[in-house]
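# Structural overview for review
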Amino acid sequence: MNLLSITAAMVSLAALFAYLNDRILKLPTTIGVMLLSLLFSLALLLLDAIGFGLADRAVAIVRRIDFNETLMEWMLSFLLFAGALHVNLEELWRHKWTIGGFATLGVLLSTLLVATFSYIVLDAIGFEVSFIYCLLFGALISPTDPIAVLGILKRVGAPRDVEVNISGESLFNDGVGVVVFMVILGVIASGQEPDPGHIATLFAEEAFGGIVLGLVLGFLAYRLIRRVDNYQVEVLLTLALVMGGYTLAMAIHVSGPIVVVVAGLLIGNRGRMLAMSERSREHLDTFWELVDEILNVVLFVLIGLELLVIQLSGAYLLASLLIIPVVLLARWVSVGTLVNLLRPLHDLGRCAVPILTWGGLRGGISVALALSIPAGPERDLLLTITYCVVLFSIVVQGLSVGRLVQALNRPERE
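Definitions and cut-offs
Residues numbered from 1 in each chain as written. Predicted model: local features only at pLDDT ≥ 70, side-chain atom pairs only at ≥ 80, totals over all residues. Heavy atoms only, no water. Helix = DSSP H or I, 4+ residues; strand = E, 2+ residues; numbered from the N terminus. Buried < 20%, exposed > 50% of the residue type's maximum accessible area, 1.4 Å probe, protein only. Contact = heavy atoms within 4.5 Å. Expected span 1.5 Å × (residues − 1). Arc of directions from axis to C-beta. Polar contact = N/O pair within 3.5 Å; in protein donor to acceptor, adjacent residues only side chain to side chain. Axes fitted to C-alpha atoms, helices over the stretch in contact; angles between N-to-C directions. Parallel < 35°, antiparallel > 145°, perpendicular 65-115°, else oblique. Nonpolar A, V, L, I, M, F, W, Y, C, P; charged D, E, K, R; others polar. Disulfide = S-S within 2.5 Å.

Another point: the side chain of T238. Inspection of the secondary structure puts T238 in helix α11 (residues 231-251). Residue classification places T238 among the buried positions, given a relative accessible area of 1%. The contact partners of T238, leaving out residues within four places of it in the chain, are F81, I225, I267, L284 and W288.

A few words on α11. Counted at 1.5 Å a residue, the expected span for α11 with its 21 residues is 30 Å, and the 30 Å between its end C-alpha atoms agrees. Of the residues making up α11, those classed as buried are E234, V235, T238, L241, V242, G245, Y246 and A249. Projected onto a plane normal to the axis of α11, the buried residues spread over an arc of 110° and lie on a single side. Projecting away from the buried face of α11 at angles above 90 degrees are the exposed residues L236, T247 and A251. Against α4 (67-85), α10 (196-226), α12 (256-274) and α13 (278-305) lie the buried residues of α11. The residue sitting at the N-terminus of α11 and contributing the capping side-chain oxygen is N230; that oxygen lies 3.1 Å from the backbone nitrogen of Q232.

Moving on: the packing of helix α9 (residues 160-190) against α12. In contact at an axis separation of 8 Å, α9 and α12 are set at 155° when each is read in the N-to-C sense. By the criterion of interaxial angle, the relationship of α9 to α12 is roughly antiparallel. Across the interface between the two elements, L171, F172 and G175 from α9 touch P257, I258, V261, V262 and L265 from α12. Of the residues that constitute the contact of α9 with α12, the class distribution is seven nonpolar, one polar and no charged.

Attention now moves to the state of the cysteines. Scanning the model with the defined rule gives zero disulfides in all. Sulfur of C134: no disulfide; nearest cysteine sulfur belongs to C388 and is 16 Å away.

Geometric descriptors of this kind do not, in isolation, establish any biological role.
Right, dumping it as structure tokens:
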């Protein structure tokens with residue numbers, strides 16, 4: 001199958017699963033689609049086991065899809081821009097200390113905690129994984145992806161401060177997490193002892209360079225949009241901003257995700273309010289909402305289909321089951337530490353830590369980063385663990401966070 005045929009098959013599956021979820025399961029779209037994709041993968045494996053031989057063909061197709069490249073170099077820029085477009089910059093600024101803390105110090109602290117706990121657990125059950133690879137796992141699993149949970153939080157009446165922090169954190173911690181991951185991966189590839197000064201310099205170049213480039217490109221796009229009143233041209237300019245900005249960021253080695261987020265915040269607030277007519281805003285919002293929904297559905301179908309190429313041995317599954325609480329513990333400690341430290345600047349309330357912990361879902365970025373680890377025994381183990389953590393996060397945490405919010409809010413209402 002060529003690229004067009006594979007794309008057509010993925011979109012067709014996404015449409016079918018979205019329809020079945022809407023008619024039968026009635027779950028949040030991304031969660032329902034991923035569950036149906038998992039069931040589809042399991043059905044193929046079952047049919048293969050009884051002699052139909054369908055799984056081998058499906059595996060061959062899935063292996064032709066470079067999940068890491070598809071998400072990190074194509075889909076991620078659109079998803080981040082669409083998410084940033086509707087974030088209120090004033091609310092974000094009011095929570096700047098907590099969001100900034102979660103997206104930077106929180107990621108770094110979580111990376112270190114996950115690495116330490118994972119190293120101890122994996123060593124205890126007989127896996128010889130060096131600490132640097134545990135750090136790599138910590139970096140890829142620490143960024144959160146609230147796509148599936150934000151709609152649930154809104155429906156059940158989660159505290160607005162917590163909702164803003166979850167969405168704001170996820171916009172920026174993707175970029176930070178990817179930078180940390182790439183720095184650690186570079187240390188592994190070079191085989192040299194890590195130089196803290198060099199690492200700090202690379203991190204600053206990627207992160208702060210991304211902020212500066214995002215501001216420059218976002219302001220340039222804003223000025224161009226302000227000079228026209230044609231929604232087709234304005235939508236096209238935002239497309240050029242996303243695709244061109246992300247490509248330029250990759251070429252000059254700054255953080256593409258941060259560039260897109262900063263540009264999206266600028267266009268979504270200043271651009272939408274000051275440079276567009278009401279008609280243009282409606283068309284822009286509709287276009288990017290559709291892009292966001294379609295790409296998310298396709299992404300979660302791909303996550304489900306990745307089951308076909310994951311090694312699910314008993315030892316790997318045992319390691320995964322033990323690491324899931326490790327990741328949750330690291331999230332709870334890092335979030336709780338920062339919430340308490342930053343309380344004098346911004347008090348998020350008593351419900352913040354449990355909701356931020358359980359609502360901090362992991363998503364496709366973690367799987368994509370795991371797939372980019374160089375071939376070797378560490379890669380197979382970490383990929384399986386990452387996949388299982390992501391599945392647990394999306395299905396179990398995603399479907400139960402609403403009940404958690406209601407339970408925490410009940411005493412206040414009574």
